[in-house]
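The primary structure of each chain is shown beneath.
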Amino acid sequence: MRPTTFARAAALASALTTSVSATFNAAASTNVVMYWGQGSYQIPLLEVCQNPSVDVVVLGFINEFPTKVGGYPGSNFANACGDETFTAPDGTITHLKSNCPTIGPAITACQTTYGKKVILSLGGAYPTNYTLPTTAISNYFAEFLWGAFGPITSPPASWVAAGSPRPFGSAVVDGFDFDIESNMASPPFSDYKSRGYADMINHFKNDLYPTAAGTYYISGAPQCITPDSHLDDAMLNAPFDFLYVQFYNTPSCSARAAYNGLSTFTFDSWVSRVTTLSANKNAKVYLGLVSTFHSPCTNQALTQHDSQLEQMVPHTIPLLISTLRRPTL
Ligand SMILES: *[C@@H]1O[C@H](CO)[C@@H](O)[C@H](O)[C@H]1NC(C)=O
C-alpha cells in the first residue's frame, strides 16, 4: 500500500449525504473498502465516511512493531496527526502518535452516523523493518492493540485505569488489517516476512475478540502473486475475514493485466487458494486497485480511460469490479 490512496476529487462528487448506510454485510460481493491515512494532502477521514459508496475504511498505518514485550508500536497517519508521541512507562520516547485529534471522533461518526466499519492496518510500505520474532511478542502486540484501540469495556478497562495509551480516545475500531510488506537487506531471521502473523491473528480471534460484545474482523492485504511471501502462512493457519489483494503493484498479475487480456491475472488463483487451503475457506477475496492518479503504481492499475468512465474511484469501483467479474467472484 503506497501513500496517497484516496483521490479527493472523486470523494467530493458524492459527499454530503446524511442517510445512514444499510447494515454492513460481511458476505456481500458489493462491498467497497477504502484505505485512508497516508498522504500530506489527504481529505479528512470523515469525508471518506460521508461517501455512500464506501463500506469499510482501513486506517493506515501502525508502521512499527514492538521489539520486546512492554515496548510500544509506532504509527503514522500523515496530516491527521501532530508530531507528538507517547512516552512509555520506562521513559522511552516512542513513535506512537499521541496528537491525532480528529481521528477518534471521525471513527465514531463513521460507525454510528454513516454505518461504516473502521479497521486499523498494521505494516505498510514504510518503514519495512517490522517483524514478530517470538510468539510472546505476537501475543503482547495483539493485547496492546486491543487495549489501545479495542473496546474499553473488555479487559482493557484495566488498560484505561492504568493510564495506558488510547491514541483515538474512546473510539473503538472494528478489527485489524495486516498489510505486511516487510523487506530488509539483512534478514534478522530467515522467515521474518511471515513469522508470527498466524499467532497474532489467532490470539485476536480466539482469545481477545470473544471477550467483547459485537463482531470484530481480521483482514489482510497481500500482493497479487500467490502464494504471498508474507501472508500465505498466516492465511493457511489463521482465519482472515477479508483479503484485499493488491492487484496493482506487480505487472504480471495486476488488474491492468486482466484489462490487457493477459491470462496471468491471478484473481481466480486467489479464490482457489482461499477456498481450498486457507484456515477460513469463506474468507472474501477483494479486488485491490489504486484509487488515485498520483500513485506511483498507476501504470499497474486501471485508469480513467480504461474504465471509460467520467470519474474514477471510489463510486465507480463497483462498476470496475463488474467489468472484471468472473463467475467465481
Ligand atoms: C525501523 O526503521 C525506522 C525508520 O528508520 C526506525 O525509526 C526504527 O527504529 C526501525 N525499527 C527497527 C526495529 O529497527
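The rules behind these values
Along each chain, residue indices are assigned from 1 in the same order as the chain's sequence is written. Where totals are concerned, whole chains, interfaces and linings use all residues; where local detail is concerned, this predicted model gives features only for residues with pLDDT of at least 70, and gives and counts side-chain atom pairs only at 80 or more. With hydrogens and water stripped out, all remaining heavy atoms of the structure feed into the side-chain values. The criterion for a disulfide is a pair of cysteine sulfur atoms lying within 2.5 Å. Under the scheme used here, helices are H or I runs from DSSP no shorter than 4 residues and strands are E runs no shorter than 2 residues, and both carry numbers assigned from the N terminus. The buried label goes to any residue with under 20% of its type's maximum accessible area, the exposed label to any with over 50%, and the partly exposed label to all in between, with areas taken from a 1.4 Å probe on protein chains only. Strands are treated as partners if at least two bridges between them are detected by DSSP. Any residue with a heavy atom lying within 4 Å of a molecule or strand is counted as near it. Polar contact criterion, stated in full: a pair of N or O atoms within 3.5 Å, where within protein one must be able to donate a hydrogen and the other to accept it, and residues adjacent in sequence count only if both atoms are side-chain atoms. For every accessible area listed, the method is Shrake-Rupley and the probe measures 1.4 Å; residues are considered covered only by the protein chains on display. When residue character is reported, Ala, Val, Leu, Ile, Met, Phe, Trp, Tyr, Cys and Pro are called nonpolar, Asp, Glu, Lys and Arg charged, and the others, Gly included, polar. When a carboxyl oxygen of Asp or Glu is within 4 Å of a side-chain nitrogen of Lys or Arg, the pair counts as a salt bridge. Here, nonpolar core refers to any group of buried Ala, Val, Leu, Ile, Met, Phe, Trp, Tyr and Cys residues whose side-chain atoms link them within 4.5 Å. A contact between two residues is defined here by any heavy atoms of the two lying within 4.5 Å. For helices, the axis comes from a line fit to the C-alpha atoms of the stretch in contact; other axes are also lines fit to C-alpha atoms, and the angle between any two N-to-C directions lies between 0 and 180 degrees.

> What is the right way to look at the state of the cysteines in this model?
As used in these notes, a disulfide is a covalent bond between sulfur atoms, one from each of two cysteines. The final tally for this structure, using the stated rule, is three disulfides. Two residues, Cys49 and Cys110, share a disulfide whose sulfurs are 1.9 Å apart. Note on the Cys49 and Cys110 pair: the S-S dihedral is about 90 degrees, so by sign convention the disulfide is right-handed. With Cys49 in helix H2 (residues 45-49) and Cys110 in helix H3 (residues 103-112), this residue pair connects regions lying 61 residues apart in the sequence. The burial state of Cys49 is the same as that of Cys110; both residues are buried. Here Cys81 pairs with Cys100 through a disulfide, and the sulfurs are 2.2 Å apart.

> Looking at this structure, I do not really get the pairing of strand S1 (residues 33-36). What am I missing?
Here is the key point about a regular strand: its side chains alternate between the two faces of the sheet. Across the two faces of S1 the burial is the same, with Val33 and Tyr35 and Met34 and Trp36 all buried. Across four bridges, S1 lies against strand S2 (residues 56-62) in parallel orientation. Paired with Met34 across the strands is Val57, a residue of S2.

> For this particular structure, what's the right way to read the site of the ligand?
Around the ligand, the neighbouring residues are Glu64, Thr67, His95, Pro127 and Asn129. Asn129 is positioned with one of its side-chain polar atoms (N or O) 2.4 Å from an oxygen atom of the ligand. Within the complex, the protein chains bury 49% of what would otherwise be the 360 Å² of accessible surface of the ligand. Within the shell around the ligand, the residues separate by chemical class into one nonpolar, three polar and one charged.

> Can you walk me through the environment of Tyr41 in this structure?
Assignment of secondary structure puts Tyr41 in the loop between S1 and H2. With 38 residues separating them in the primary sequence, Tyr41 and Asn79 have C-alpha atoms 7.0 Å apart.

> I tried to follow the pattern of salt bridges on my own but got confused; where do I start?
Oppositely charged side chains can pair when the atoms bearing their charge come close. Enumeration over the complete set of coordinates arrives at four salt bridges. For Lys68, the salt bridge identified is with Asp90, shortest N-O distance 3.7 Å. Separated by 22 residues along the polypeptide, Lys68 in the loop between S2 and strand S3 (85-87) and Asp90 in the loop between S3 and strand S4 (93-97) bring together distant segments of the chain. Overall, the relative accessible area of 53% leaves Asp90 in the exposed class. A salt bridge links Asp232 to Arg273, with the shortest nitrogen-to-oxygen separation between them at 2.7 Å. Pair noted here: Asp232 is in helix H7 (residues 232-237) and Arg273 is in helix H9 (residues 267-277), with a separation of 41 residues, a long-range link.

> I keep staring at the nonpolar core and nothing clicks. Help me out?
The tendency in soluble globular proteins is for nonpolar side chains to be buried side by side. Counting residues in each nonpolar core, the largest one holds 76 residues, and the members touching the most others are Leu45, Leu59, Ile103, Phe168, Phe176, Phe178 and Phe204. Per element, the largest residue contribution to this core is nine residues, and it comes from helix H4 (residues 135-149). With residues near it in sequence (within four places) discarded, Phe204 still touches Ala142, Leu145, Trp146, Phe176, Phe178, Tyr209, Pro210 and Ile218. Membership of the second largest hydrophobic core comes to 12 residues, among which are Phe24, Val33, Ala221 and Tyr286.

> Explanation requested: the sheet that holds strand S7 (residues 217-220) in the structure shown.
Across a sheet, paired strands are connected by hydrogen bonds in the backbone, their directions being either parallel or antiparallel. The parallel open sheet is built from seven strands, whose spatial order is S1-S2-S5-S6-S7-S8-S9. Edge strands, defined here as strands with exactly one partner in the open sheet, are S1 and strand S9 (284-288). Put simply, the sheet's adjacent strands are angled 25 degrees from each other on average, direction ignored. Across five bridges, strand S5 (residues 117-124) lies against strand S6 (residues 175-180) in parallel orientation. Counted as the bridge partner of Leu122 is Phe178 from S6.

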